[in-house]
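# Descriptive structure summary
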Amino acid sequence: MSYTTDIRELNALIQQHSNFVTNLTTGMDRVIVGQKHLVDSLLIGLLSDGHILLEGVPGLAKTLAIKTLSSLIDAQFSRVQFTPDLLPADVIGTLVYSQKDEKFHVKKGPVFANFVLADEINRAPAKVQSALLEAMQEHQVTIGDNTFQLPKPFLVMATQNPVEQEGTYPLPEAQTDRFMLKVVIDYPTIEEEKLIMRENLTGSLPEVTPVSSADEILAARDVVRQVYIDEKIEQYVADIVFATRYPEKYGLSELKDMITFGGSPRASINLAKASRAYAFIKRRGYVVPEDVRAVAHDVLRHRIGLSYEAEASNLTAEEIVSQIINKVEVP
């Protein structure tokens, strides 16, 4: 079978499986005004089995977006509000002694759901953060002597508020690396703001009903894995990640002293996976360089360490990624 026939068949398969993307996007648009990028990022995380870290000031509908997405999918949703006095057992569960049976029983925590919203994850101490991160990485939880598999799909969406740093425990770099995407949410436009105000003053947010199931998402993930990535695109992804480690090799020697560490192989894997999911959302059976560029900021912004020189020059990871994307040769 020729390559063209393969792509044609794959495109037909994508058309067949991507109806739910339209349904989810329409459902999200009914509740969330604007924030198109946020909605796309949630879908990318969902389709490529990756977790998402959302950062933005309070009141930008981070929690609402996640709750709406879980209402549109017939799946379990749980929310954990992270606080400084939270314990690992409050997230993963614990052993409870029953006097009647004279033995310990497992009481599962809120992490046993398809969608887990970890609200203000930087408010809880490291012990609690690492309990959640084991679940994210291994898709399993150990309570006492028992290990339990988490349901599929399993997606953690964590939010953090960048404004207030008092009484917070910033996530260490090694832990933020577990998140496939770090999405920074900005304020709405003035037109969107007026619409948000109008909707909230009437006091009636639209009710949403499930338009998709967990099985449908797992089937779509199988299709996403078949999306074709050409060798040239693989090279492009590798070049972008390598430019975060060795910028001088890509004609960006001015960035050499600005970066303390670049993206790990996990960055390359996630960049390729996210590009595939983005191509699927755009109803395409193959990845083009624009897909890679569209997701590069979200995949890389939390994987670049900034030196004191960079902070002194007010250079952000965002700007470094932009410079790299503009410099690395597009296939």
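Before going into details, it helps to say that this report is about the structure given with it.

Definitions and cut-offs
- Residues numbered from 1 in each chain as written.
- Predicted model: local features only at pLDDT ≥ 70, side-chain atom pairs only at ≥ 80, totals over all residues.
- Heavy atoms only, no water.
- Helix = DSSP H or I, 4+ residues; strand = E, 2+ residues; numbered from the N terminus.
- Rg over C-alpha atoms; globule rule 2.2 N^0.38 Å.
- Buried < 20%, exposed > 50% of the residue type's maximum accessible area, 1.4 Å probe, protein only.
- Contact = heavy atoms within 4.5 Å.
- Areas by Shrake-Rupley, 256 points an atom, 1.4 Å probe, with all protein chains shown as cover.
- Lys, Arg positive; Asp, Glu negative; His and termini not counted.
- Charge placed at Lys NZ, Arg CZ, Asp CG, Glu CD.
- 1 Å grid on protein atoms, 1.4 Å probe; cavity = no way out; pocket = protein on both sides within 12 Å on 5 of 7 lines; lining within 4 Å.
- Points joined across faces, edges and corners; volume = space filled by probe spheres on them.
- Nonpolar A, V, L, I, M, F, W, Y, C, P; charged D, E, K, R; others polar.

## So, the overall build of the protein chain
Scanning the protein chain from N- to C-terminus turns up 14 helices and 13 strands. Its C-alpha atoms give the protein chain a radius of gyration of 21 Å, within 12% of the compact-globule value 20 Å for 331 residues. Buried residues in the protein chain amount to 48% of all 331 residues. The long-range fraction of contacts in the protein chain, counting pairs at least 24 apart against all pairs at least 6 apart in sequence, stands at 78%. Summed over its atoms, the accessible surface of the protein chain is roughly 16,300 Å², and 51% of this surface lies on carbon and sulfur atoms. Across the protein chain, the mean location of the 33 positive side-chain charges is 3 Å away from that of the 44 negative side-chain charges.

## Quick look at the layout of surface pockets
In this model, the largest pocket occupies a volume close to 720 Å³. If you go around the largest pocket, you meet 23 residues; those closest to its centre are E55, Q160, K182, R301 and H302. Contributing elements (two or more residues each) for the lining of the largest pocket: β1 (52-55), α7 (173-176), β10 (181-184), β13 (305-306) and α14 (317-327). Partitioned by chemical class, the residues of the lining of the largest pocket number nine nonpolar, eight polar and six charged. Taken as a whole, the second largest pocket holds about 290 Å³ of empty space. As for the second largest pocket, its lining consists of 15 residues, and the residues nearest its centre are G59, L60, A61, I196 and N200. Sort the elements by how many residues they give to the lining of the second largest pocket and helix α8 (residues 190-202) lands first, with five residues. The class makeup of the residues in the lining of the second largest pocket is ten nonpolar, three polar and two charged.

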